[in-house]
Amino acid sequence: MQNLNMFWERYSHDAINQRVEEALQQNINLHKEPVLGIPGTYLDQEEFYEDAPFLQDAPFLRTLIANPNHIGCHTLSDNHLSYFKGTQQLETELIRICAEQIFGGQPNQQDGYVTPGGTEANIQAMWIYRNYFMHEKKARPEEIAVLFSQDSHYSMPKGVNLLGLPAAVLPVDDCTRQINQEALEKTVADLTEKGIKHYILILNLSTTMFGSVDDIARITTFLKEKQLDFRLHIDAAFGGFIYPFTNPESAFSFRNPDITSITIDAHKMLQTPYGTGIFLIRKGWMEYVCTEEAQYIPGKDFTLCGSRSGANAISVWMILRTHGSEGWRVKMQQLNDRTTRLCHKLTGLGIDYFRNPYINIIAIRSRFVSARLAAKYHLVADTYEREPGWYKIVVMPHVRQGILDQFISELQAEQLPVEV
């Protein structure tokens, strides 16, 4: 499943500055045009004055102050507010880079938009598939079940609650973090007996706590053998901007016909401002959540959030263009190598941990780490409601080798007793 055509061009800062300026020039200028019908959405002029000299060399801040509204889904041909067409075109370019270059989709065969975060993107997928089953299969909500693992993000139960759908949380193996096959089979049998006819399956491309990656081939093969009616969404909020670059044989892409939609978060690995989740889906699916009542919006609305900041979309586009595909690949591989080096140190100390070899997250069994050390290095626990079972390390760009070496040295010095 290797994507041999993953390429997007790196732009210089001047080129990025020019492209953003050209986009802003295509947007409506609320200061210079006789605008009566559109709310004055530019930012307060006393606090955010647009003639500050430093803005000339700060394309993101210029866009933030211009405050374009990117309501809607701009990969749909008629879903554009002409007032902000310049920056909306850059968002469309961004969605195509993510869908086609990173996740191997065919040209112009995916839709998507920049969401306020991965939570909305995951709920957007559930919303679409619920409506699809209800509209096309005449299903009642109680006949549609959402399947996800116990390690999945809390946006799954949140979405299930909002959409009024039954759900089944699948247990995972404590060591491999993989969905238990026996439990999966029993759960599906029980749900079928209770009248479930359709399934929304959500699999993880890096869970939040463990960085674990679900076995997509095993699980989808089972569901197809049972001839179950399902649609598959991938939560790649954390892994979406690293895994495709560290594992060239990834099965998590639009080349996999079982996958219909994908969530990725730019404000994780890509380090953009918060509020930059990304929702990607194959063509022909966004229509199931068209808000017909939004008749004052050209093309209507297809998103949960409605109005949203165009500046956030521009920030993602800028970072992808700053690095280019090859620069980003090198950066992700370097982080992955640094993570692997830390794992080798932990193995040498006999410390029990979990780590997917293509992800920069390490979860260490809590019995190997003192509370003092966990607090000093701000390790994240798997729970704060009881005694934690795991502590998490995320090897991000700010995590230098010296910090990791210091942590290992202190971990070794503690010589914690290990329960047998």
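This section reports on the structure supplied with the text. Please read all numbers here as calculations on a predicted model, not as lab measurements.

## Details of unusual backbone geometry
Phi at Lys-138 is positive, roughly 55°, even though this residue is not glycine. Position of Lys-138 relative to the elements: it lies in the loop between α4 (118-136) and β2 (144-149). For Lys-138, a relative accessible area of 65% gives the class exposed.

## Digging into the layout of surface pockets
Computed from the structure, the largest pocket encloses a volume of approximately 1000 Å³. In terms of lining, the largest pocket is formed by 34 residues, of which the most central are Thr-208, Phe-238, Val-380, Lys-392 and Val-394. When residues of the lining of the largest pocket are traced back to their parent elements, those giving at least two are α4, β11 (390-394) and α11 (401-414). Residue composition of the lining of the largest pocket, by class: 16 nonpolar, 13 polar and five charged. Size it by volume and the second largest pocket reaches roughly 600 Å³. Contributing to the lining of the second largest pocket are 19 residues, with Leu-24, Gln-25, Asn-29, Glu-50 and Ala-66 lying nearest its centre.

## Description of the packing of helix α1 (residues 13-26) against helix α3 (residues 85-102)
Close contact between α1 and α3 brings their axes to 5 Å; oriented N to C, the two are set at 130°. For the element pair α1 / α3, the angle class is oblique. On α3, the residues that touch Arg-19, Val-20, Ala-23, Leu-24 and Gln-26 of α1 are Lys-85, Gly-86, Thr-87, Gln-89, Leu-90 and Glu-93. Of the residues belonging to the contact of α1 with α3, the class tally is four nonpolar, four polar and three charged.

## Looking at the pattern of salt bridges
Following the criterion strictly, the structure yields 24 salt bridges and no others. Residues Asp-111 and Lys-283 are paired through a salt bridge, measuring 2.7 Å at the closest nitrogen-oxygen approach. Residue Asp-111 is located in strand β1 (residues 110-115), and its partner Lys-283 is located in the loop between β7 (277-282) and α9 (310-348); the two are separated by 172 residues in the primary sequence. For Lys-283, a relative accessible area of 32% gives the class partly exposed. With its nearest N and O atoms 3.0 Å apart, the salt bridge here joins Asp-151 to Arg-177. Of this pair, Asp-151 sits in the loop between β2 and α5 (155-163) while Arg-177 sits in the loop between β3 (167-170) and α6 (181-193), placing them 26 residues apart in sequence.

## Considering the side chain of Thr-115
Within the secondary structure, Thr-115 sits in strand β1. Given the relative accessible area of 1%, Thr-115 is considered buried. Polar side-chain contacts of Thr-115 include one of 2.6 Å to the backbone oxygen of Gly-117. Each residue touching Thr-115, except ones within four places of it in the same chain, is listed here: Glu-120, Ala-121, Gly-275, Thr-276, Gly-277, Ile-278 and Phe-279.

## Comments concerning the sheet that holds strand β4 (residues 198-204)
In spatial order, the strands read β1-β7-β6-β5-β4-β2-β3; together these seven strands make up an open sheet with mixed pairing. At either margin of the open sheet sits one strand with a lone partner, and together these are β1 and β3. Direction aside, neighbouring strands of the sheet carry axes that sit 20° apart on average. Relative to β7, β1 runs antiparallel, the two sharing six bridges. When the sheet's bridge partners are listed, Gln-110 is paired in β7 with Arg-282. α5 contacts β2, β3, β4 and β5 (229-236) of the sheet and is inclined by roughly 170° relative to β2.

Cut-offs used in this document
Residues numbered from 1 in each chain as written. Predicted model: local features only at pLDDT ≥ 70, side-chain atom pairs only at ≥ 80, totals over all residues. Heavy atoms only, no water. Helix = DSSP H or I, 4+ residues; strand = E, 2+ residues; numbered from the N terminus. Buried < 20%, exposed > 50% of the residue type's maximum accessible area, 1.4 Å probe, protein only. 1 Å grid on protein atoms, 1.4 Å probe; cavity = no way out; pocket = protein on both sides within 12 Å on 5 of 7 lines; lining within 4 Å. Points joined across faces, edges and corners; volume = space filled by probe spheres on them. Nonpolar A, V, L, I, M, F, W, Y, C, P; charged D, E, K, R; others polar. Axes fitted to C-alpha atoms, helices over the stretch in contact; angles between N-to-C directions. Parallel < 35°, antiparallel > 145°, perpendicular 65-115°, else oblique. Contact = heavy atoms within 4.5 Å. Salt bridge = Lys/Arg side-chain N within 4 Å of Asp/Glu carboxyl O. Polar contact = N/O pair within 3.5 Å; in protein donor to acceptor, adjacent residues only side chain to side chain. Pairing = 2+ DSSP bridges.

Remember, this is a structural readout, not a statement about activity or role.
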